[in-house]
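# Summary of structural features
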Amino acid sequence: MRRLAGSAKYVLQCLVIARAAPHLRFKTFHQSLGLQQLDYVGIGRGSADRTGMARLLDDMLDILRVGSTSDMAPETFVHHQFPFDMKVDGVMRNHSLFGECGLLYRTILPLYLYPVAIRSFGDVYDHVVEIERDIIDDKRAQWDYAALHMATAIPSPPKVGMVSLGCPKALVDSERILTQLRSDGYQMSPDYSGADVVLVNTCGFLDSAKEESLEAIGEAMAENGRVIVTGCMGNEADTIMKRFPDVLAVTGAHQYEDVVTAVHAAAPAARGAFVDLVPDAGLKLTPRHYSYLKISEGCNHRCSFCIIPSLRGDLVSRRPDAILREAEKLVANGTKELLVISQDTSAYGVDIRHKPQIWNGPIGQGREVRAHMTDLAVALGELGVWTRLHYVYPYPHVDKVIPLMAEGKITPYLDIPFQHAAPNVLKRMKRPANEAKVLQRVKSWRDICPDLTIRSTFVVGFPGETEEDFQYLLDWLEEAQLDRVGGFRFEPVEGAAANALDGAVPEEVKEERYQRLMEKTAAISAARLQAKVGRTLPVIIDEIGEPDEDGDIGATARSQADAPEIDGNVFLRNVSADLAVGDIIDAEIEDADAHDLFGAPVAV
């Protein structure tokens, strides 16, 4: 076997050291990944910044995974040029990793991601020892080579269980916590009995949600006993600790670092160079084919019925380039549908004055993207997947995303929390009372994009709501013809300004109005769904059933009008045995009820 060229040998040496001694620091590397120039200092494997050659490896492994999923042979893979600039002994040189050394991938894989290496390239191990010995013979690399052998005993990692309650935003919080813990060396437990510690991510928006959270904490304490509480109700630590004094720790909403620290204290994880591999997209609690994409946290509104600002603070927007990098990784890892969420999607970027950032990568190609909902929608529309906008307030600039929906770049779906329509109630809720103008805009939106689906939620029985106010709401809904509607009975929440309002509505009146609201919206939904019978619609497959006695296979899907978990389904008959979850196919709609559609795949 030929000896390696000096520069390639230097790169390999760094890779070996990165696995054996993860916190050593090295020279500055100037790496060009074909599209962008980045400066990396050090190796940082296991450190917070994860810079240096470990970052380089992450990017190379993206290509490796693409190679394995497309059955790319190792011999073909090495012809992929991976250009970079590297400063060696003060001199900048141009290199191509796989052009410099055709055997480089055989060392990278076993050293850095050996479980995947063994599965994907089972023939490479025979070459590893000889190449590594060649590197280690160099005088610059003197360390215990035994630490690099794959026979190294790996300690059994502690396991974490998770109970996640509340809205999709809380689910994203849970995913981030689990991703960090997985990268720290923890495994996930599917049940209480196998967990060394259990996390309960709580909801504290309504009193009923708080009670559900307390019940979940109680169940976790009874089944396991080692429980850490986080989430919105974590702000009421005294209440939790009074009822469950043996809880290990209580943290508030989106306090990821505090949660992880508490887990480390309760069940320390063994650390090592061969432990803790996490998919690039992180760990997900949703199915692989759809993902929630949180773009901001907190809210600047002060609605009288809501305590979100006191739980999660004012609006804090993520950088647009960070959002788009996350979205690209999710798509690369199999996501077919992105669900954009926040407390107020329309206000995205206000707090950072819509400051633009550079979007690098194969799609962004170094262009600026402004931190604004419309600019973000344009960029997300280039990823080639369904992109669904949730929690959109009807600000004027929402009008600009409707043409994107008409062009097929963004999913024709808006989730707008109107909450009510009667001006008197909206004023007491401290929400804009522009219901007449909203109706005009809804009409204009549908003129531009006839397939637009609008979902909303409404509160009945708000303090001071009269029968005339409620009838106004029903009449408004009849005219608006919203596709999907969720209803809530007003419920006082500790800390909400609405609790001090006069005109409390009796519970029996709330219930009666709630039932009337549901009847009205169900009738509208049934009519709008019936109008889709006979049409051919794209649907995404969520679940595939087993063949029945006649061999017919059914599937549960959703159209672009249906967000997961909260909207309806499209139930399909006679689907192909080759169909997979996450596939997007055309379906002919044959029937409908008040909430769901029924049909069959279009014959190809």
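Our structure's up above, just so we're on the same page.
Below is a short write-up of the structure. Because the structure is a prediction, the values reported are computed rather than measured.

Within the protein chain, the regular secondary structure consists of 18 helices and 24 strands. For the protein chain, the accessible area works out to roughly 26,700 Å², and carbon and sulfur atoms hold 52% of it.

Centre-to-centre distance and the angle between the planes together describe a pair of aromatic rings. With the rule as written, the count across this model stands at eight aromatic pairs. Ring geometry for F418 against W476: centres 5.3 Å apart, planes inclined by 70°, an arrangement best described as edge-to-face. A residue pair is termed long-range when its members are at least 10 positions apart, and F418 in the loop between β17 (413–415) and α15 (423–429) and W476 in helix α17 (residues 467–480) qualify at 58 residues. Over the aromatic face of Y514 sits the side chain of R489, whose NZ or CZ is 3.7 Å from the ring centroid. Taking NZ or CZ as reference, R558 lies 5.4 Å from the ring centre of Y290, over its face.

What follows is about helix α13 (residues 373–380). Counting buried positions along α13 yields six of eight residues, so the element is predominantly enclosed. Listed in full, the buried residues belonging to α13 are M373, T374, L376, A377, A379 and L380.

What follows deals with the sheet that holds strand β21 (residues 555–559). Spatial ordering of the closed barrel is given by β20-β21-β22-β24-β23, a layout of five strands whose pairing is mixed. In this sheet, neighbouring strand axes are inclined to one another by 50° on average, regardless of whether the strands run parallel or antiparallel. Sheet topology note: the strand β22 (residues 570–572)/strand β24 (residues 597–601) ladder contains three bridges and is parallel. Paired with F571 across the bridge in β24 is F598.

All right, on to the pairing of strand β16 (residues 386–389) then. Alternating positions in β16 separate into two faces, W386 and R388 on one and T387 and L389 on the other, with burial throughout. Inspection of the sheet shows strand β13 (residues 337–341) paired to β16 by four bridges, in the parallel sense. Bridged to V340 within β16 is L389.

A few words now on α17. With 14 residues, α17 should cover 20 Å at 1.5 Å per step; its first-to-last C-alpha distance of 20 Å lies within 8% of that length. Among all positions in α17, only D469, F470, L473, L474, W476, L477 and A480 are buried. Seen from one end, α17 has its buried residues packed into an arc of 160°, which puts them on one side. Within α17, the exposed residues directed more than 90 degrees away from the buried face are E468 and E479. Two residues or fewer after α17 comes Q481, characterised by a positive phi angle close to 55°.

Two orientations exist for strands paired in a sheet by backbone hydrogen bonds: parallel and antiparallel. Read across the open sheet, the five strands follow the order β6-β5-β7-β8-β9; overall the sheet is parallel. In this open sheet, the two edge strands, each paired with only one partner strand, are β6 (187–188) and β9 (249–250). Here strand β8 (residues 227–231) pairs with β9 via two bridges, running parallel. For V229, the partnering residue across the bridge sits in β9 and is V250. Set on the sheet, helix α8 (residues 207–223) makes contact with β5 (159–164), β7 (197–202) and β8; between it and β7 the angle comes to about 175°.

Here we come to the layout of surface pockets. Empty space within the second largest pocket amounts to approximately 1,300 Å³. As for the second largest pocket, its lining consists of 46 residues, and the residues nearest its centre are C167, K169, F205, Y391 and F488. Contributing elements (two or more residues each) for the lining of the second largest pocket: α7 (168–183), α8, α11 (308–312), β13, β18 (453–460) and β19 (484–489). In terms of residue count, the dominant contributor to the lining of the second largest pocket is α7 (four residues).

Here we take up the packing of helix α12 (residues 320–332) against α13. A pair of packed helices is characterised by two quantities: the angle between their axes and the separation of those axes. Close contact between α12 and α13 brings their axes to 11 Å; oriented N to C, the two are set at 25°. Judged by the angle between their axes, α12 and α13 are roughly parallel. When the axes of α12 and α13 are compared, the crossing they make is right-handed. Residues I323, L324 and A327 of α12 pack against L376, A379 and L380 of α13. For the contact of α12 with α13, the per-class residue count stands at six nonpolar, no polar and no charged.

Our next topic: the packing of α17 against helix α18 (residues 507–530). Axis separation between α17 and α18 bottoms out at 10 Å; the angle between their running directions is 10°. The angle between the axes of α17 and α18 places the two elements in the roughly parallel class. Residues E467, F470, Q471, L473, L474, L477 and E478 of α17 touch α18, and the partners they reach there are R513, R516, L517, K520, T521 and I524. Looking at the contact of α17 with α18 residue by residue, the classes come out as six nonpolar, two polar and five charged.

Core analysis: the biggest nonpolar cluster contains 51 residues, and L380, M405, L414, W445, F458, W476 and L482 have the highest contact counts within it. With six residues, the single largest contributor to this core is α17. Judged by nonpolar contacts, the second largest core, of 17 residues, contains A195, V200, A216 and I217.

Procedures and definitions
- Residues numbered from 1 in each chain as written.
- Predicted model: local features only at pLDDT ≥ 70, side-chain atom pairs only at ≥ 80, totals over all residues.
- Heavy atoms only, no water.
- Helix = DSSP H or I, 4+ residues; strand = E, 2+ residues; numbered from the N terminus.
- Areas by Shrake-Rupley, 256 points an atom, 1.4 Å probe, with all protein chains shown as cover.
- Phe/Tyr/Trp six-rings, centres within 6.5 Å; stacked < 30°, edge-to-face > 60°.
- Lys NZ or Arg CZ within 6 Å of the ring centre and 35° of its normal.
- Buried < 20%, exposed > 50% of the residue type's maximum accessible area, 1.4 Å probe, protein only.
- Pairing = 2+ DSSP bridges.
- Axes fitted to C-alpha atoms, helices over the stretch in contact; angles between N-to-C directions.
- Expected span 1.5 Å × (residues − 1).
- Arc of directions from axis to C-beta.
- Contact = heavy atoms within 4.5 Å.
- 1 Å grid on protein atoms, 1.4 Å probe; cavity = no way out; pocket = protein on both sides within 12 Å on 5 of 7 lines; lining within 4 Å.
- Points joined across faces, edges and corners; volume = space filled by probe spheres on them.
- Parallel < 35°, antiparallel > 145°, perpendicular 65-115°, else oblique.
- Left-handed = near helix turned anticlockwise from the far one by under 90°.
- Nonpolar A, V, L, I, M, F, W, Y, C, P; charged D, E, K, R; others polar.
- Core = buried A, V, L, I, M, F, W, Y, C linked by side-chain atoms within 4.5 Å.

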